[in-house]
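Topology and contacts: notes
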Amino acid sequence: MPSYSGGLGVLAGDTIRAAADLRLPMVAVSLLYRKGYFTQRLAEDGSQTEEPVEWRVEDFLTEEPARASVTIENRRVELRCWRYSAKGVRGFEVPIYFLDADLPENADADRNLTGALYGGDSYYRLCQEVVLGIGGVRMLGALGYNDLTRYHMNEGHAALLSLQLLYDEAKKAGRASIRSEDIEKVRSKCVFTTHTPVPAGHDRFPMEYLTRVFPGQAEFLDLKDAPTADLLKRVLQAEQNFPDLQEAARRGATLNLTQLALSLSTYVNGVAKQHGETSRQMFPEAAIEAITNGVHAGTWTSPPFQQLFDRYIPSWREDNYSLRSALGLPAEEVWAAHLIAKFDLLETVRKKTGLKFDTEVFTIGFARRATGYKRADLILSDLDRLREIAKNAGHFQIVYAGKAHPNDGGGKDIIRRIFHAKKALRKAVPVVFLDDYNLELGGKITSGVDLWLNTPQFPLEASGTSGMKAALNGVPSLSILDGWWVEGHIEGVTGWCIGESRRTTAGNTPADNTAEAESLYAKLESVILPLYYSDRAKFLEVMQHSIAINGSFFNTQRMVQQYITDAYLR
């Protein structure tokens with residue numbers, strides 16, 4: 001199936017795979033997007049153009065007979081769903097249901113609600129979230145999931161599910177409006193994970209949109225009930241009480257879906273310890289914990305390393321923590337597995353671009369969504385310095401990949417700047433940018449390079465997972481101390497840091513690109529390249545520590561187990 005460029009969907013998939021491995025009775029719900037995916041084409045100067053990707057849903061998914069509906073502007077919008085089953089290492093399956101409004105009985109505008117992730121304006125987005133949150137809960141009921149104990153919301157996009165749960169509680173009590181006892185019951189069922197460390201990433205909608213989507217629901221909340229009135233104030237981030245929802249809309253109030261999820265969840269977490277701190281600063285009134293993200297080890301370990309682990313650590317798929325034994329792997333076999341993965345990547349480079357990269361040359365990888373805060377071009381800040389490092393410390397080459405969102409002009413500019421630098425560096429430092437970044441290509445790059453480079457602008461990396469994928473394949477990181485790397489970094493043991501730790505500084509201190517680029521160059525020139533070319537045994541120790549320390553911990557198996565104990569069973 002095609003996938004969007006962002007990492008949240010990949011994380012969701014890895015989470016579900018781990019749940020299947022652990023035989024966790026879980027079910028997942030998302031929207032079915034038929035459009036919006038694109039094939040990336042790059043011109044000679046790095047200009048990105050997009051070609052739409054067509055795919056046949058029925059080739060990948062099975063339609064379920066169950067039906068549900070939501071009401072939008074007094075129109076009934078019918079929904080069906082399609083199932084995909086994620087099979088775990090012991091054969092246990094976790095079903096994923098994709099909600100689909102593209103049915104002939106719906107109006108054209110409603111059929112398009114599950115068309116594309118970024119398919120329209122913010123009102124369209126709110127209608128999509130009605131389908132996901134409210135339609136998702138109703139579809140689960142239609143499918144027979146009537147005794148679910150926890151609802152886990154990833155970001156605020158699914159937060160409207162809490163309104164459906166509130167409605168169900170009130171209905172059970174024979175009431176039409178919500179009271180404090182309903183709020184407490186719903187709160188005990190909901191878990192919320194926030195992934196976004198910037199305010200702009202949190203969904204806000206004019207209250208007028210909500211009253212437009214749900215006309216005639218002004219009495220939904222019993223605002224004479226003090227806890228219910230307080231809930232509305234929190235969700236609207238308002239100073240004063242409103243007599244009803246219509247008045248809130250008239251006065252220009254804004255619905256904050258993150259606040260709705262925060263207010264109606266028994267457990268809330270960020271996705272790394274650092275991100276938990278950032279989130280507590282953003283939402284000081286909420287008790288926010290942290291569960292650091294992971295990646296699915298069985299998926300992101302390359303075939304040569306899978307075979308190596310199967311020989312020496314046969315339980316690694318069922319018990320990812322057993323990868324701590326990687327320190328005992330024969331170093332020459334680790335190097336042999338790495339060379340196979342590296343050759344596979346460089347063969348992909350040759351097929352895609354015609355460029356022949358040398359397997360003997362130190363190779364740096366950077367593959368992320370192309371957007372400003374990830375700073376893909378930080379290493380290219382001083383091209384003369386790069387030439388000097390290559391001449392004095394040892395040759396190196398850089399492999400890039402990453403799509404820019406079609407509307408992200410800044411991200412597209414970064415790709416063009418990389419192409420410009422590529423031409424300027426020519427043979428002194430070979431650089432390649434591989435087009436049409438996808439899961440398969442991502443796996444080849446994270447396993448096939450010698451060093452994983454990550455240069456986000458602090459504190460905007462909520463977690464990041466690409467370096468975790470690299471670690472499973474013995475590829476150490478050179479990274480800014482943000483996101484997961486704050487926890488995974490042991491200098492000279494699992495990899496290296498760029499710049500100093502900024503955990504004690506205010507989050508709004510601007511990044512110093514010049515100082516961070518200089519730190520990157522110094523580490524590369526004085527530490528990493530000499531180690532690779534002159535002390536291969538020591539470099540191999542870093543590779544093995546990457547697997548044993550980071551690969552064994554930063555995986556979705558550990559992450560899901562932590563959700564079970566901290567969130568699902570509390």
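1. Let's talk about the pattern of salt bridges
Tallied over the entire structure, the rule returns 42 salt bridges. A salt bridge links Arg67 to Glu63, with the nearest nitrogen and oxygen atoms 2.9 Å apart. The shortest N-O distance in the salt bridge between Arg250 and Glu247 comes to 3.0 Å. Pair noted here: Arg250 and Glu247 are both in helix α8 (residues 245-250), with a separation of 3 residues, about one helical turn. The network of salt bridges with common partners includes Arg34, Glu63, Arg67, Arg80, Asp100, Asp102 and Arg111.

2. Section: the sheet that holds strand β9 (residues 190-193)
The strands making up a sheet associate through hydrogen bonds between their backbones, and the pairing can be parallel or antiparallel. Reading across the sheet, the 4 strands line up as β8-β9-β12-β13 and stay open at both edges, with parallel pairing between neighbours. The strands lining the two open edges of the sheet, one partner per strand, are β8 (151-154) and β13 (289-290). Relative to strand β12 (residues 267-270), β9 runs parallel, the two being bridged by 3 bridges. Each residue of the ladder has a partner; that of Phe192, found in β12, is Val268.

3. Points about the side chain of Gln128
As for its placement among the helices and strands, Gln128 is situated in helix α3 (residues 122-142). A polar contact is formed between the side chain of Gln128 and the backbone oxygen of Leu113, at a distance of 2.9 Å. Dropping the residues within four chain positions of it, Gln128 is found in contact with Leu31, Tyr33, Leu113, Ala116 and Leu117.

4. Points about the packing of aromatic side chains
The final tally for this structure, using the stated rule, is 19 aromatic pairs. Centroid distance Trp496 to Phe539: 6.4 Å. Interplanar angle 25°. Geometry classified as stacked. One end of the pair, Trp496, is in strand β19 (residues 495-498); the other, Phe539, is in helix α20 (residues 536-551), with 43 residues separating them in the sequence. With respect to class, Trp496 is no different from Phe539; both count as buried. By the ring-pair criterion, three or more aromatic residues cluster together here, those being Trp335, Phe362, Trp496, Tyr532, Tyr533 and Phe539. Its end group placed over the ring of Tyr123, Arg212 keeps NZ or CZ at 3.6 Å from the ring centre. The ring of Phe38 has Lys403 lying over it, and the distance from NZ or CZ to the ring centre is 4.8 Å.

5. Considering the sheet that holds strand β17 (residues 451-454)
Ordered in space as β16-β15-β14-β17-β18-β19, the 6 strands form an open sheet in which the pairing is parallel. If you trace the sheet from one side to the other, it starts and ends with β16 (431-434) and β19, each paired once. Mean inter-strand twist for the sheet, computed between neighbouring axes without regard to direction, equals 20°. With 6 bridges joining them, strand β14 (residues 362-367) and strand β15 (residues 396-401) adopt parallel strand pairing. Across the sheet, the residue bridging to Ala367 is Ala401, located in β15.

Cut-offs used in this document
- Residues numbered from 1 in each chain as written.
- Predicted model: local features only at pLDDT ≥ 70, side-chain atom pairs only at ≥ 80, totals over all residues.
- Heavy atoms only, no water.
- Salt bridge = Lys/Arg side-chain N within 4 Å of Asp/Glu carboxyl O.
- Helix = DSSP H or I, 4+ residues; strand = E, 2+ residues; numbered from the N terminus.
- Pairing = 2+ DSSP bridges.
- Polar contact = N/O pair within 3.5 Å; in protein donor to acceptor, adjacent residues only side chain to side chain.
- Contact = heavy atoms within 4.5 Å.
- Phe/Tyr/Trp six-rings, centres within 6.5 Å; stacked < 30°, edge-to-face > 60°.
- Buried < 20%, exposed > 50% of the residue type's maximum accessible area, 1.4 Å probe, protein only.
- Lys NZ or Arg CZ within 6 Å of the ring centre and 35° of its normal.
- Axes fitted to C-alpha atoms, helices over the stretch in contact; angles between N-to-C directions.

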